[in-house]
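This is what each chain is made of:
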Amino acid sequence: MVSIVRNPTRAFTYSVWYGEKFLGELIEDDIMRLLGKDTEKFYKKNQINFLVPKNKIKTIINKKKYF
C-alpha cells in the first residue's frame, strides 16, 4: 500500500511513500494514470493510501536523485 501526499515545496507535485520508504514523485497529471478509477477517492474523499500494482509504480513514478 502506497501513500500519496502533496509536496509542500513544489506546485502540482506529490510524494509517493511505501511505509517510511520514499518511492518518488508524481506530477498531478500522472495521478489518474497511477490510480485509475480510485482517482475520485483521492480528490473528493481525501484518501491517501492506495493499493497500486508494482509495474505501474516502476513506469509512472519519477525517482529523483538528491545529492
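Described below are features of the structure shown in this document. Since this is a predicted model, take the numbers as computed values, not measurements.

Overall, the coordinates contain three salt bridges when judged by the stated rule. Close ionic contact of arginine 33 with aspartate 30 constitutes a salt bridge, the shortest N to O distance being 3.0 Å. One end of the pair is arginine 33 and the other is aspartate 30, both in helix H1 (residues 28–35) and three residues apart, which spans about a single turn. Here lysine 41 ties to aspartate 38 by a salt bridge, and the two come within 3.6 Å at their closest N and O atoms. Residue aspartate 38 is classed as partly exposed on the basis of its relative accessible area of 22%.

Below, the discussion takes up the pairing of strand S3 (residues 21–27). For strand S2 (residues 13–18) and S3, the ladder comprises six bridges, and the chain directions are antiparallel. Counterpart to serine 15 in the pairing with S3 is glutamate 25. What sits between the antiparallel neighbours S2 and S3 is a turn of two residues, in which glycine 19 has the positive phi angle 65 degrees.

A general tendency of soluble globular proteins is for nonpolar side chains to be buried together. One finds Ile4, Val16, Leu26, Leu35, Phe42 and Val52 to be the most contacted residues of the largest nonpolar core, which totals 15 residues. Breaking this core down by element, the ones donating at least two residues are strand S1 (2–6), S2, S3, H1 and helix H3 (54–60). Excluding anything up to four places from it in sequence, leucine 26 contacts Phe12, Thr13, Tyr14, Val16, Ile31, Leu34, Ile60 and Ile61.

Criteria and thresholds
- Residues numbered from 1 in each chain as written.
- Predicted model: local features only at pLDDT ≥ 70, side-chain atom pairs only at ≥ 80, totals over all residues.
- Heavy atoms only, no water.
- Salt bridge = Lys/Arg side-chain N within 4 Å of Asp/Glu carboxyl O.
- Helix = DSSP H or I, 4+ residues; strand = E, 2+ residues; numbered from the N terminus.
- Buried < 20%, exposed > 50% of the residue type's maximum accessible area, 1.4 Å probe, protein only.
- Pairing = 2+ DSSP bridges.
- Core = buried A, V, L, I, M, F, W, Y, C linked by side-chain atoms within 4.5 Å.
- Contact = heavy atoms within 4.5 Å.

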